[in-house]
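# Fold and contact review
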Amino acid sequence: TKAGGSRDRDHLGAGRCRPSKIGASRRPPPARVRVAVRLRPFVDGTVGASDTPCVRGMDSCSLEIANWRNHQETLKYQFDAFYGERSTQQDIYAGSVQPILRHLLEGQNASVLAYGPTGAGKTHTMLGSPEQPGVIPRALMDLLQLTREEGAEGRPWALSVTMSYLEIYQEKVLDLLDSTSGDLVIREDCRGNILIPGLTQKPITSFADFERHFLPASRNRTVGATRLNQRSSRSHAVLLVKVDQRERLAPFRQREGKLYLIDLAGSEDNRRTGNKGLRLKESGAINASLFVLGKVVDALNQGLPRVPYRDSKLTRLLQDSLGGSAHSILIANIAPERHFYLDTVSALNFAARTKEVINRPFTNESLQPHVLGPVKLSQKELLGPPEAKRARGPEEEEIGSLEPMAASASASQKLSPLQKLSSMDPAMLERLLSLDRLLASQGSQGAPLLSTPKRERMVLMKTVEEKDLEIERLKMKQKELEAKVLAQKAEDSKEKENHCPTILRPLLHRTVTVAKPLKKAVVMPLQLIQEQAASPNAEIHILKNKGRKRKLESLDAPEPEEKAEDCWELQISPELLAHGRQKILDLLNEGSARDLRSLQRIGPKKAQLIVGWRELHGPFSQVEDLERVEGITGKQMESFLKANILGLAAGQRCGPS
Ligand code: ADP
Ligand code: MG
């Protein structure tokens, strides 16, 4: 595609045109981060070893995974490389890592990052075993060999290699070669090089030297007590190998190339595995780092003007080794077992965020059942509360497929008909429009993402603006309603004092449409609302049946305070509630942090958390997923729904009734 092609050119250009750091401009064009996926084989004796795989490779760059929403379909992904379950350590090393090593001798930086859920093979890929050595020992062997040859007597440059080994745990930088060190600081020198003052640097001239320092530290980290294992899956292990070069003759130049080899923290959703307390806090910190890493890779690969390196320790450390003239590869490790399914999808989405997706992620293609069994997940595995997920139509999926935001030609083909645009979510539309504007302002000659005539575009822009205004209006309305309820409450409690003990009098004046005495009105998913409406004896009543109007007598309402609040809720029909829910869901999925702040009970911090969660896990399938966002409790989620659904629904269609 056009956009992808130009990014590739940038990458190659950046790779070739910067011979050394000296004299080079400080801000070279950002380079693309390569992304490879490695599927490990089933591991004997572990849970799910007899499953049929739910992932399978298609060719050397693409794979497909079963779609739990529809067993007849698969999700397809394309990457720079795909390594299947039969791939060897040598395949990964030779295919994705070895080619970048020579750049270190040109004074450029490189990084290799293993990403993926715990148990998917990150450590196997990076470290491996004595029988199957991974990327780290192979790279060290080759690099030491290379430096010996290049730095031999009589050659123009003298070379030396040093190593450091550190861990980022809960956003603290810890020296693994010196267990007495505390949290180290990351600094940037005047030339933009990132350094860590006080970090141990061991000179190494042979592989034996390397092993002598690395193995004990590494063993401490990966084996031993369970607690350490947990820690190891929750921290980022960073091996730094520096190659220093000094020119033997005038003009005595110096060069430094840094290689980062990183075994990242597990990307699994700890919320789903039910972690509590400290571990939850740990996972929060990990998620923050992985989240920013995703943002950085995203920004680099899209050529965005701001790359948020400073937003986490990990990316700050990698600032001079990701992007710029650096050469980076992210290896996303995935596992074939079904109980990994959700983590696998989330890892693939992370890896694919800026990749073009082949055709569409949902294709109507059947699979031979014996090759790729349908994924049957228990309700528990399907994350949320037991309500059924909102079923998506094919059109929504198609729009959803733009989520990885590949500014691709296929996107413009898909979106060009105006009819489709007008039925599109305004937030998505706004994003496409602003992306178009950005591309235009950068002098892009390519076809706009939205290939609609100018006049229609103006109309669309206006629609988007109107929607924004509408959101503002709804917010005001919500506030008014809340104020009304508060006023009513105050009045009620005043009368309560006056008329004690007949505390329920005020309610005599109010007519409420109810089917039965109310216990409590609860905001429910659409499907449940419909079920409830069909069963008149249920405890939850959201009003539908106008024919059975009756007065709410004082004795029928034992909890007047709550009633006062519920009364106006109850005048809202299920369709309106569902409408409100849908609006919230759309906002959660498409709204920017700023849009989200237009919602009640969502401040800047929560808005950021929501956007972050979405980046990591993909779209919310129902509003209750909000509870899965780090830092939002079930209670907060409920009060959020209460504050917003009704406001949005009521503001939309209720009118003065
Ligand atoms: P992670 O570091 O992502 O938590 P590990 O690397 O520890 O995962 O892998 C989990 C288990 O799977 C280990 O027993 C490891 O030896 C095995 N394993 C991982 N990848 C492979 C592979 N490609 N081939 C064979 N075994 C593997
Ligand atoms: Mg590991």
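For the structure, check the block above.
Residues numbered from 1 in each chain as written. Chains lettered and ligands numbered in written order. Predicted model: local features only at pLDDT ≥ 70, side-chain atom pairs only at ≥ 80, totals over all residues. Heavy atoms only, no water.

Attention shifts here to the pattern of salt bridges. The tally for this structure, following the rule as stated, stands at 15 salt bridges. E188 serves as the salt-bridge partner of R316, at 3.1 Å between the closest nitrogen and oxygen. Taken together, the residues R316 in helix 8 (residues 313–317) and E188 in strand 9 (residues 187–188) connect sequence positions 128 residues apart. By relative accessible area, which is 12% here, R316 ends up buried. By relative accessible area, E188 is classed as partly exposed at 26%. A salt bridge links R581 to E624, with the nearest nitrogen and oxygen atoms 2.9 Å apart. With R581 in helix 17 (residues 574–590) and E624 in the loop between helix 19 (604–617) and helix 20 (634–653), the pair connects residues that are 43 residues apart, well separated along the chain. The pair R581 / E624 is uniform in exposure class, with both members buried. (Salt bridge = Lys/Arg side-chain N within 4 Å of Asp/Glu carboxyl O. Helix = DSSP H or I, 4+ residues; strand = E, 2+ residues; numbered from the N terminus. Buried < 20%, exposed > 50% of the residue type's maximum accessible area, 1.4 Å probe, protein only.)

Counting buried positions over the 13 residues of strand 7 (residues 157–169) gives eleven, a clear majority of the element. Taken together, the twelve bridges between strand 7 and strand 12 (residues 236–247) define a ladder with antiparallel strand orientation. Residue pairing for strand 12: L166 is matched across the bridge by V238. Direction of pairing for strand 7 relative to strand 11 (residues 202–204): antiparallel, over a ladder of three bridges. (Pairing = 2+ DSSP bridges.)

Taken N-terminus to C-terminus, the directions of helix 2 (residues 89–101) and helix 4 (residues 135–150) make an angle of 45 degrees; their axes are 10 Å apart at the nearest point. As far as their axial angle goes, helix 4 and helix 2 are oblique. Crossing hand, helix 2 versus helix 4: right-handed. On the side of helix 2, the interface is formed by Q89, Q90, I92, Y93, V97, Q98 and L101, while helix 4 contributes V135, R138, A139, D142 and L143. (Axes fitted to C-alpha atoms, helices over the stretch in contact; angles between N-to-C directions. Parallel < 35°, antiparallel > 145°, perpendicular 65-115°, else oblique. Left-handed = near helix turned anticlockwise from the far one by under 90°. Contact = heavy atoms within 4.5 Å.)

This next bit is on the sheet that holds strand 3 (residues 62–66). The sheet built from three strands is open, its strands ordered 2-3-4 with antiparallel pairing. Each having just a single partner strand, strand 2 (55–57) and strand 4 (74–78) make up the two edges of the open sheet. Ignoring strand direction, the axes of neighbouring strands in this sheet form an average angle of 20 degrees. Direction of pairing for strand 3 relative to strand 4: antiparallel, over a ladder of five bridges. Counted as the bridge partner of S62 is Q78 from strand 4. Most of the contacts of helix 9 (residues 341–352) go to strand 3, to which it runs at about 145 degrees, and overall it touches strand 2, strand 3 and strand 4.

Take helix 19 next. Given 3.6 residues per helical turn, the α-helix brings residues three or four places apart onto the same face. Relative to the 20 Å expected for 14 residues at 1.5 Å per residue, helix 19 spans 20 Å between its end C-alpha atoms, a close match to the ideal helical length. A607, I610, V611, G612, W613, R614, L616 and H617 are the residues of helix 19 that are buried. Immediately downstream of helix 19, the backbone of G618 shows phi near 85 degrees, a positive value. (Expected span 1.5 Å × (residues − 1).)

Take the packing of aromatic side chains next. Enumeration over the complete set of coordinates arrives at six aromatic pairs. Aromatic pair Y77 and F79: ring centres 6.2 Å apart, planes at 15 degrees, arrangement stacked. Here Y77 and F79 have matching classes, each one buried. Judged by centre distance (3.9 Å) and plane angle (5 degrees), the ring pair of Y115 and F350 falls under stacked. On the criterion of sequence distance, the pair formed by Y115 in strand 6 (residues 110–115) and F350 in helix 9 is long-range, its members being 235 residues apart. (Phe/Tyr/Trp six-rings, centres within 6.5 Å; stacked < 30°, edge-to-face > 60°.)

Neighbouring residues of ligand 1: R38, R40, P41, V43, P117, T118, G119, A120, G121, K122, T123 and H124. T123 places a polar side-chain atom, nitrogen or oxygen, 2.7 Å from an oxygen atom of ligand 1. Within the complex, 68% of the 560 Å² of free accessible area of ligand 1 lies under protein. Residue contributions to the shell around ligand 1 peak at three residues, all from helix 3 (residues 122–126). When its residues are assigned to classes, the shell around ligand 1 shows four nonpolar, five polar and three charged. (Near = heavy atom within 4 Å. Polar contact = N/O pair within 3.5 Å; in protein donor to acceptor, adjacent residues only side chain to side chain. Areas by Shrake-Rupley, 256 points an atom, 1.4 Å probe, with all protein chains shown as cover. Nonpolar A, V, L, I, M, F, W, Y, C, P; charged D, E, K, R; others polar.)

Here we take up unusual backbone geometry. Omega for the bond connecting A250 with P251 falls within 30 degrees of zero, at 5 degrees, which places this linkage in the cis form. Considering the arrangement of structural elements, one finds P251 in the loop between strand 12 and strand 13 (254–263). Backbone geometry places E171, a non-glycine residue, at a positive phi of 60 degrees. Overall, E171 belongs to the partly exposed group, its relative accessible area being 23%. Even without a glycine there, the phi angle at R601 is positive, about 70 degrees. Here R601 shows up in the loop between helix 18 (593–597) and helix 19.

Any functional reading would require information that these geometric values do not contain.
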